[in-house]
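# Geometric and topological summary
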Amino acid sequence: MAAAVVDSAMEVVPALVEEAAPEAAGLSCLVNLPGEVLEYILCSGSLTAADIGRVSSTCRRLRELCQGSGKVWKEQFRVRWPSLMKHYSPTDYVNWLEEYKVRQKAGLEARKIVASFSKRFFSEHVPCNGFSDIENLEGPEIFFEDELVCILNMEGRKALTWKYYAKKILYYLRQQKILNNLKAFLQQPDDYESYLEGAVYIDQYCNPLSDISLKDIQAQIDSIVELVCKTLRGINSRHPSLAFKAGESSMIMEIELQSQVLDAMNHVLYDQLKFKGNRMDYYNALNLYMHQVLIRRTGIPISMSLLYLTIARQLGVPLEPVNFPSHFLLRWCQGAEGTTLDIFDYIYIDAFGKGKQLTVKECEYLIGQHVTAALYGVVNVKKVLQRMVGNLLSLGKREGIDQSYQLLRDSLDLYLAMYPDQVQLLLLQARLYFHLGIWPEKSFCLVLKVLDILQHIQTLDPGQHGAVGYLVQHTLEHIERKKEEVGVEVKLRSHEKHRDVCYSIGLIMKHKRFSSVCESRERSVMNQVMFPCPASKAIIMRYGYNCVIYGWDPTCMMGHEWIRNMNVHSLPHGHHQPFYNVLVEDGSCRYAAQENLEYNVEPQEISHPDVGRYFSEFTGTHYIPNAELEIRYPEDLESVYETVQNIYSAKKENVE
């Protein structure tokens, strides 16, 4: 019977919403229902916020039920933005109607800014002052972030440009917040030993779009601790560690009891959970991110050691980190408390090597060299983080696919947050800014940033005068070139000089061959300038890749040196043929000759970070250029349709 009443009331609500007069037939039926039933109907999810607003204006009873702090507007907020509910405490007083209005306004403002980014920054990377609009918005930052996440989670293959810039903005906002948290963390006294917390900040900064929190990582570690306790109980049912409560930091002093904990840990980590050092893919940044170490159950010595150290300390074993060269270790004191200790009074633990316990001589054998006693000493949190970031920095210098050098940029930011006066890293950062071409359109904020860095370097180390002078000169030359630049270059396929151009932007292509002749990343000399290698060293790149065209030239527009180095003259048509800018499925950007490309008759979506910079949608057969790219190639879209139609007509004829 109650269900029937609810059903009939649900039928009344839509009609009631359309009625202007409170004497409408359904009104008395509705308002005479018990309050709980009315509230249930209004919270059922079938009414929009606009519906609730109109319903609340019909009479006093419904207005009271729809008050801002009540369940009705809370449910409207929850249904619309469920991910935000975790930021509210059940005990807090919240005016949900006002929260709804503020969140909706923030969403509209965020979308307005995202929509403006493509026009403002299509021709260059987003500059340092490009995010000022977001920073100056009023309202809770979590609301803006939530709207950006909503854009990223939009279904389908549309709104690619929106998603591209929403991702960049979200990346920036979260990194700024994490970096501020890290700087505050680094101000803690030297005896503050939360190694895990520092490692999580590094993880978060390098993966700002992932949902990583210290709370979640600690919960995963706590579950491992529970397994260790279960094993420990089988070894010694009266072990004092079993009585520890969550969050306690008590230490047990008896060596035998500590040994029992370590034995149980080794069994759980390496035998039961199958954690192991990643020898097969050692130089992978994932090995340094704590959330990935827990997911993949593998890492390198420093990340495995931090996991081992955290678990041991929670169970009362006072292990300490040792910044051993080439192989991070932990040390376990065997000497009596209060006595003078030397390096031989410790056992050294190799968490990378399944918790193996080593003597001093075995440590030296591990790395193949003799080291001084100072290198067996314990290090503080800041030194541990320095080593972690140093490893990421080395990997960032090695990366060869991602043209944005994101890992290098992130690791430089982290290192300079800890040690802001490192001359060589400041110089590398200046080169990075310059060679990535992150220049603003109407101001020279970043030019000034580069010059500030260079001036700081000169103050710290006058011996760097030559390198600083070189970069200052080229920075000022860039300013002059920007002043001389004209408007957008428009390329019309119908023009006589473009008659040999066969393919259009947006087409999915396939490279025809394999070669030892390297095609260029998009006109970049980053590797040669920043990380020079001997000229005789060959660059081998495998072809046969899938790609999408985002630009073309009627002939090769690269310089003579590039043409010679890339052996373009060995091609049948040499450099006197159209060349295409392509986004490749491996994440690189290349400049390919027309004779080396062919249309991919089985087109697939290209997974490349910059696809959204140039295209708004993937149709299943080709990409549609966004407004900015279409301005530069106004006749290409029609040509794409013709090409696709011809290809599929030919396929249909062959099948028949």
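Heads up: the structure comes first, above all this text.
Residues numbered from 1 in each chain as written. Predicted model: local features only at pLDDT ≥ 70, side-chain atom pairs only at ≥ 80, totals over all residues. Heavy atoms only, no water.

### Comments concerning the overall build of the chain
Filter applied, for reference: Elements are defined by DSSP. Helices are runs of H or I of four residues or more, strands are runs of E of two residues or more, and each kind is numbered from the N terminus. The contact rule is simple, with two residues in contact once any of their heavy atoms fall within 4.5 Å. Shrake-Rupley sampling with a 1.4 Å probe provides the accessible areas, and residues are treated as covered by the protein chains on show and by no other component.
Along the chain, the regular secondary structure elements total 26 helices and 13 strands. Summarising the internal contacts of the chain: among those between residues at least 6 apart in sequence, 66% fall at separations of at least 24. With an accessible surface of roughly 33400 Å², the chain has 51% of that area assigned to carbon and sulfur atoms.

### Examining the nonpolar core
Rules: Residue types Ala, Val, Leu, Ile, Met, Phe, Trp, Tyr and Cys, when buried and joined through side-chain atoms within 4.5 Å, form a set referred to as a nonpolar core. Only protein chains enter the accessibility calculation, which uses a 1.4 Å probe; a residue is then buried when its area is under 20% of its type maximum, exposed when over 50%, and partly exposed in between.
Ranked by size, the top nonpolar core spans 78 residues in total, and within it Met265, Phe275, Tyr308, Ile311 and Leu319 carry the most contacts. In contact with Phe275, other than residues within four places in its own chain, are Ile224, Leu269, Tyr270, Val293, Leu294, Arg297, Thr298, Met304 and Leu307. Judged by nonpolar contacts, the second largest core, of 42 residues, contains Leu33, Phe121, Ile151 and Tyr165.

### Some thoughts on the side chain of Ser588
Going by this rule: As used in this structure description, the phrase polar contact means that two N or O atoms lie within 3.5 Å; if the pair is within protein, one of them must be able to donate a hydrogen and the other to accept it, and residues adjacent in sequence are counted only when both atoms belong to side chains.
By the secondary structure assignment, Ser588 is in the loop between strand S9 (579–584) and strand S10 (589–593). Only 2.6 Å separates the side chain of Ser588 from the side chain of Asp586, close enough to count as a polar contact.

### What to know about the packing of aromatic side chains
The following threshold applies: Ring geometry is summarised as follows: Phe, Tyr and Trp rings, the Trp one being its six-membered ring, pair when their centres sit within 6.5 Å, and such pairs are stacked at plane angles under 30 degrees, edge-to-face over 60 and tilted between the two. The criterion for a charge sitting over a ring is simple: Lys NZ or Arg CZ within 6 Å of the ring centre, and within 35 degrees of the ring normal.
A complete count under the given rule lists 26 aromatic pairs for this structure. Measuring from ring centre to ring centre gives 5.2 Å for Tyr282 and Tyr283, while their planes differ by 70°; the resulting arrangement is edge-to-face. Ring pairs connect the aromatic residues Trp73, Phe77, Trp81, Tyr88, Trp96, Tyr100 and Phe143, which therefore count as one cluster. In this structure, Arg331 is placed above the aromatic ring of Tyr346, and the distance from its NZ or CZ to the ring centre is 4.0 Å. Its guanidinium or amino end placed over the ring of Tyr419, Lys382 lies 4.9 Å from that ring's centre, counting from NZ or CZ.

### Things to note about the packing of helix H11 (residues 195–206) against helix H12 (residues 214–235)
To be explicit about the condition: Lines fitted to the C-alpha atoms define the axes, with helices restricted to the stretch that makes contact. Angles between their N-to-C directions range from 0 to 180 degrees. In what follows, roughly perpendicular refers to angles from 65 to 115 degrees, roughly parallel to angles under 35, roughly antiparallel to angles over 145, and oblique to any angle outside these ranges. Note on convention: the crossing is left-handed when the near helix lies turned anticlockwise from the far helix by less than a right angle, right-handed when the turn is clockwise.
Running from amino to carboxyl end, H11 crosses H12 at an angle of 125°, the nearest separation of the two axes being 10 Å. Classified by the angle between their axes, H11 and H12 sit oblique to one another. The two elements H11 and H12 cross, and the hand of that crossing is right-handed. In this structure, H11 contributes Leu196, Glu197, Val200, Asp203 and Gln204 to the contact, and H12 contributes Leu214, Ile217, Gln218 and Ile221.

### What about the sheet that holds S9?
The cut-off we apply is this: Two strands pair under a simple rule: DSSP has to find at least two bridges between them.
The five strands lie next to each other as S10-S9-S8-S7-S11, forming an open sheet whose pairing is antiparallel. Since the sheet does not close on itself, it has two edges, and those belong to S10 and strand S11 (597–599), each with one partner. Ignoring which end each strand starts from, the neighbouring axes of this sheet average 50° apart. Across six bridges, strand S8 (residues 546–553) lies against S9 in antiparallel orientation. Counted as the bridge partner of Ile549 is Val582 from S9.

### Topic: unusual backbone geometry
With a phi angle near 70°, Ser326 is a residue other than glycine that sits in the positive phi range. Along the chain, Ser326 falls in the loop between strand S3 (320–322) and strand S4 (329–333). The residue Lys354 is not glycine, and still its phi comes out positive at about 60°. Assignment of secondary structure puts Lys354 in the loop between strand S5 (346–350) and strand S6 (356–358).

### So, the pattern of salt bridges
Filter applied, for reference: Just to be clear on terms, a salt bridge is a Lys or Arg side-chain nitrogen sitting within 4 Å of an Asp or Glu carboxyl oxygen.
Here the structure, examined in full by the defined rule, presents 16 salt bridges. Here Arg54 ties to Asp51 by a salt bridge, and the two come within 2.8 Å at their closest N and O atoms. With Arg54 and Asp51 both in helix H4 (residues 49–56) and three residues apart, this pair spans about one turn of that helix. Overall, Arg54 belongs to the partly exposed group, its relative accessible area being 39%. For Asp51, a relative accessible area of 14% puts it in the buried group. Close ionic contact of Glu145 with Lys177 constitutes a salt bridge, the shortest N to O distance being 3.2 Å. On the criterion of sequence distance, the pair formed by Glu145 in helix H9 (residues 141–152) and Lys177 in helix H10 (residues 160–186) is long-range, its members being 32 residues apart.

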